[in-house]
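# A look at the structure
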Amino acid sequence: IQTEEVITKTSFNLDIIPATPDLTETESNMRATQVGLLKSLIEPIDKKYDFIIIDTPPSESYLTVNALAVADEVLIPLQAHFLAMRGLKEVLEDIERVKKGLNPKLKVSGILPTMVNNRTNISKTVLETVKNEYKGLLYPIQTDFSIRHTEASLVGLPIVLYEPKHQGSEAYFKLADIFLKKGN
């Protein structure tokens, strides 16, 4: 199968290559020697797009390493939660390992706080800790916790189309603006 054959065009001007349940089985059968597999799938379509976004699970896996090996930048979404905070250090260490071997040009573009509830001490603590420990990486925007994100997923729309004036939509518009300005 060619990469172009699995691209799905959406009604909101976004092309996607959807994952399938078979992806879990594919990963369990992968070997370390197949770490460049994703690169060979992306190369034929690379020039057709301004941006290619690869969404990966927040775990050290062959699929994640494949994505890091082919990526230019990494945006790290960080839930404002204690366990996610603990995992952030591991993610950054994984990125450094990939930089030392598979992809020396890889860089972290930033950390985006998500599911933030400013009324809780844990959200405040996580944001303050990231700001202090990872200076310069914390984006000046965040997405707050809201049931609207779940509702948008249930109807199969991005939050920016489901409710464009929502705080989360506005945060994602600002994030897109940051990337577009950086790209010029």
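Residues numbered from 1 in each chain as written. Predicted model: local features only at pLDDT ≥ 70, side-chain atom pairs only at ≥ 80, totals over all residues. Heavy atoms only, no water.

Counted residue by residue, strand β4 (residues 107-114) has seven buried out of eight residues, so it is predominantly covered. One ladder, built from seven bridges, connects strand β3 (residues 73-79) with β4; its direction is parallel. Across the sheet, the residue bridging to Val-74 is Val-108, located in β4. Taken together, β3, helix α5 (residues 82-100) and β4 form a β-α-β motif whose crossover is right-handed. (Buried < 20%, exposed > 50% of the residue type's maximum accessible area, 1.4 Å probe, protein only. Helix = DSSP H or I, 4+ residues; strand = E, 2+ residues; numbered from the N terminus. Pairing = 2+ DSSP bridges. Right-handed = clockwise from strand over helix to strand, strands pointing away.)

In this model, α5 (19 residues) spans 28 Å end to end at C-alpha, consistent with the 27 Å of a helix rising 1.5 Å per residue. Looking at α5, one finds that the buried residues are Met-85, Leu-88, Leu-92, Asp-94, Ile-95 and Val-98. (Expected span 1.5 Å × (residues − 1).)

Moving on, we get to the nonpolar core. Counting 16 residues, the largest nonpolar core has Ile-76, Leu-88, Ile-95 and Val-130 as the members making the most contacts within it. Listing elements by their share of this core, those giving two or more residues are β3, α5, β4 and α6 (121-133). Looking at this core, the element that brings in the most residues is α5, giving five residues. Counting five residues, the second largest nonpolar core, distinct from the first, contains Leu-112, Tyr-139, Ile-141 and Leu-175. (Core = buried A, V, L, I, M, F, W, Y, C linked by side-chain atoms within 4.5 Å.)

Here we take up helix α4 (residues 62-70). Of the positions making up α4, those classed as buried are Thr-64, Val-65, Asn-66, Ala-67, Leu-68 and Ala-69. Contacts made by the buried residues of α4 are with α3 (37-42), β3 and α5. (Contact = heavy atoms within 4.5 Å.)

Let us now look at the environment of Ala-80. Here Ala-80 shows up in the loop between β3 and α5. With relative accessibility at 7%, the residue Ala-80 sits in the buried group. Residues Ala-80 and Phe-145, 65 residues apart in the sequence, show an inter-C-alpha distance of 9.2 Å. With sequence-adjacent residues up to four places away left out, Ala-80 is seen in contact with Thr-114, Met-115, Val-116, Ile-122, Ser-123 and Val-126.

Right, let's talk about the environment of Ala-19 for a bit. With respect to the helices and strands, the residue Ala-19 is situated in the loop between β2 (15-16) and α2 (22-28). Note: C-alpha distance between Ala-19 and Asp-55 (36 residues apart in sequence) is 9.9 Å.

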